[in-house]
Amino acid sequence: MVAENSTPHLHSAVEPKQTFRRALDMAARAAMPSLFIMFSAILLSAPFGIPGQAQLQFGIAMCTVWFWAYSRPRSMPALAVFLCGLVVEIFSFGPPGTVLLSLLVIYGVSHHWRYGLSRLGFIAGWLIFSILAVLASFFQWALVCLHAVALLSPVPGLFQAALTIGIYPSLTALFVWGRRTFANPDQA
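Treat the numbers as computed from the prediction; the structure is a model and nothing was measured.

Basis of the calculations
Residues numbered from 1 in each chain as written. Predicted model: local features only at pLDDT ≥ 70, side-chain atom pairs only at ≥ 80, totals over all residues. Heavy atoms only, no water. Helix = DSSP H or I, 4+ residues; strand = E, 2+ residues; numbered from the N terminus. Buried < 20%, exposed > 50% of the residue type's maximum accessible area, 1.4 Å probe, protein only. Contact = heavy atoms within 4.5 Å. UniProt positions renumbered as here; feature names shortened; annotations may be inferred. Phe/Tyr/Trp six-rings, centres within 6.5 Å; stacked < 30°, edge-to-face > 60°. 1 Å grid on protein atoms, 1.4 Å probe; cavity = no way out; pocket = protein on both sides within 12 Å on 5 of 7 lines; lining within 4 Å. Points joined across faces, edges and corners; volume = space filled by probe spheres on them. Nonpolar A, V, L, I, M, F, W, Y, C, P; charged D, E, K, R; others polar. Core = buried A, V, L, I, M, F, W, Y, C linked by side-chain atoms within 4.5 Å. Salt bridge = Lys/Arg side-chain N within 4 Å of Asp/Glu carboxyl O. Axes fitted to C-alpha atoms, helices over the stretch in contact; angles between N-to-C directions. Parallel < 35°, antiparallel > 145°, perpendicular 65-115°, else oblique. Left-handed = near helix turned anticlockwise from the far one by under 90°.

Notes on the overall build of the protein chain
Phase 1 of the analysis: In terms of helices and strands, the protein chain carries eight helices and zero strands.
Phase 2 of the analysis: Along the protein chain, helices and strands appear, N-terminal first, in the series α-α-α-α-α-α-α-α.
Phase 3 of the analysis: Considering the protein chain as a whole, with its 188 residues, one finds that 37% of them fall into the buried category.
Phase 4 of the analysis: Residue pairs at least 24 apart in sequence account for 75% of intrachain contacts in the protein chain once pairs closer than 6 positions are excluded.

What follows is the structure in structure tokens.
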């Protein structure tokens, strides 16, 4: 009878040697969500003439922060959210500070509730995200009205909320795929 401990076992979870190249690769993979937000903000600031281009800029940033803050918080730390918010602010056309504040609030809610959100199904998470998207769009609309010292039409804010809510499922599918493939910092 052969004892179990007499044969050497190979561990399937062997850590690769930490080299500079590996560290750089891990950092690039972890930065993918932030780079996606920044690239989208810069790309959507160009005058393409796409209807809802400015609202799409906010929607992509909001969806990305929401998903990655609860799904993989190491890939979306608070400092990255702040820097992404600054980049979106620079390339957006809204009142200063509204996108940055909205992204930080979305990050805070998502990061704080990440354990509960990870247990919820997609529909429940989408519903919570939808409520926050409507509140963030209302907040931006209220600040624009305050800045203009007039009661403006809420239609652009409602459009922004609807667009943000509408693109969430497709971006989530993209992010789930990315989380398993190229954006996984633990991948060898």
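Details of the UniProt feature "transmembrane region" (unreviewed entry) in the protein chain
Phase 1 of the analysis: Sequence positions flagged by UniProt for "transmembrane region" (unreviewed entry) are, in local numbering, residues 27–48, 78–108, 120–146 and 158–178.
Phase 2 of the analysis: What you have in residues 78–108 is 81% helix and 0% strand, and the ends, taken at the C-alpha atoms, are 8 Å apart.
Phase 3 of the analysis: Along residues 120–146 one finds 93% helix and 0% strand; the C-alpha atoms at either end are 37 Å apart.

Some thoughts on the packing of aromatic side chains
Phase 1 of the analysis: In total, this model carries eleven aromatic pairs according to the counting rule given.
Phase 2 of the analysis: Ring geometry for Phe-67 versus Phe-175: centroids 5.5 Å apart, planes at 40 degrees, classification tilted. Remark: Phe-175 occurs in helix 8 (residues 155–180) and Phe-67 occurs in helix 3 (residues 53–71); sequence separation between them is 108 residues. Of the two residues, Phe-67 and Phe-175, neither departs from the other in class, the shared state being buried.
Phase 3 of the analysis: In this structure an aromatic cluster arises from ring pairing among Phe-36, Trp-66, Phe-67, Trp-68, Tyr-70, Phe-122, Trp-126, Phe-129, Tyr-168 and Phe-175.

Details of unusual backbone geometry
Note: most peptide bonds trans; most residues except glycine with negative phi.
Phase 1 of the analysis: Even without being glycine, Val-149 reaches a positive phi, approximately 50 degrees.
Phase 2 of the analysis: Take Val-149: it is sitting in the loop between helix 7 (122–148) and helix 8.

Looking at the layout of surface pockets
Phase 1 of the analysis: What the largest pocket holds in volume is close to 370 Å³.
Phase 2 of the analysis: Around the largest pocket sit 21 residues that line it, and Gln-55, Gly-94, Gln-140, Val-144 and Gln-160 are the ones nearest its centre.
Phase 3 of the analysis: Broken down by secondary-structure element, the contributors of at least two residues to the lining of the largest pocket are helix 3, helix 4 (78–91), helix 5 (98–112), helix 7 and helix 8.
Phase 4 of the analysis: Per-class residue counts for the lining of the largest pocket are ten nonpolar, ten polar and one charged.

Overview of the nonpolar core
Phase 1 of the analysis: Counting 33 residues, the largest nonpolar core has Ile-37, Met-62, Val-65, Trp-66, Met-76 and Leu-103 as the members making the most contacts within it.
Phase 2 of the analysis: Only helix 2 (32–44), helix 3, helix 4, helix 5, helix 7 and helix 8 provide two or more residues apiece to this core.
Phase 3 of the analysis: Among the elements that take part in this core, helix 3 stands out by supplying eleven residues, more than any other.
Phase 4 of the analysis: Met-62 has contacts with Leu-103, Ile-106, Phe-129, Leu-132, Ala-133, Ala-136 and Thr-164, leaving out every residue within four places of it along the chain.

What to know about the pattern of salt bridges
Phase 1 of the analysis: Going through the model one piece at a time under the given rule, you end up with two salt bridges.
Phase 2 of the analysis: Residues Asp-25 and Arg-22 are paired through a salt bridge, measuring 3.9 Å at the closest nitrogen-oxygen approach. Pair noted here: Asp-25 and Arg-22 are both in helix 1 (residues 20–30), with a separation of three residues, about one helical turn.
Phase 3 of the analysis: When its relative accessible area of 28% is taken as the criterion, Asp-25 is described as partly exposed.
Phase 4 of the analysis: Residues Arg-29 and Asp-25 are paired through a salt bridge, measuring 2.9 Å at the closest nitrogen-oxygen approach. Placement of both Arg-29 and Asp-25 in helix 1 is noted, with a separation of four residues, approximately one turn of the helix.
Phase 5 of the analysis: When salt bridges that share partners are traced, they join Arg-22, Asp-25 and Arg-29 into one network.

Examining the packing of helix 3 against helix 8
Phase 1 of the analysis: Following both chains from N to C, one finds helix 3 and helix 8 inclined at 45 degrees, their axes separated by 7 Å at the closest point. When the axis of helix 3 is compared with that of helix 8, the two are oblique. Taken as a pair, helix 3 and helix 8 cross one another with a handedness that is right-handed.
Phase 2 of the analysis: Taken together, the residues of the contact of helix 3 with helix 8 break down into 17 nonpolar, seven polar and one charged.

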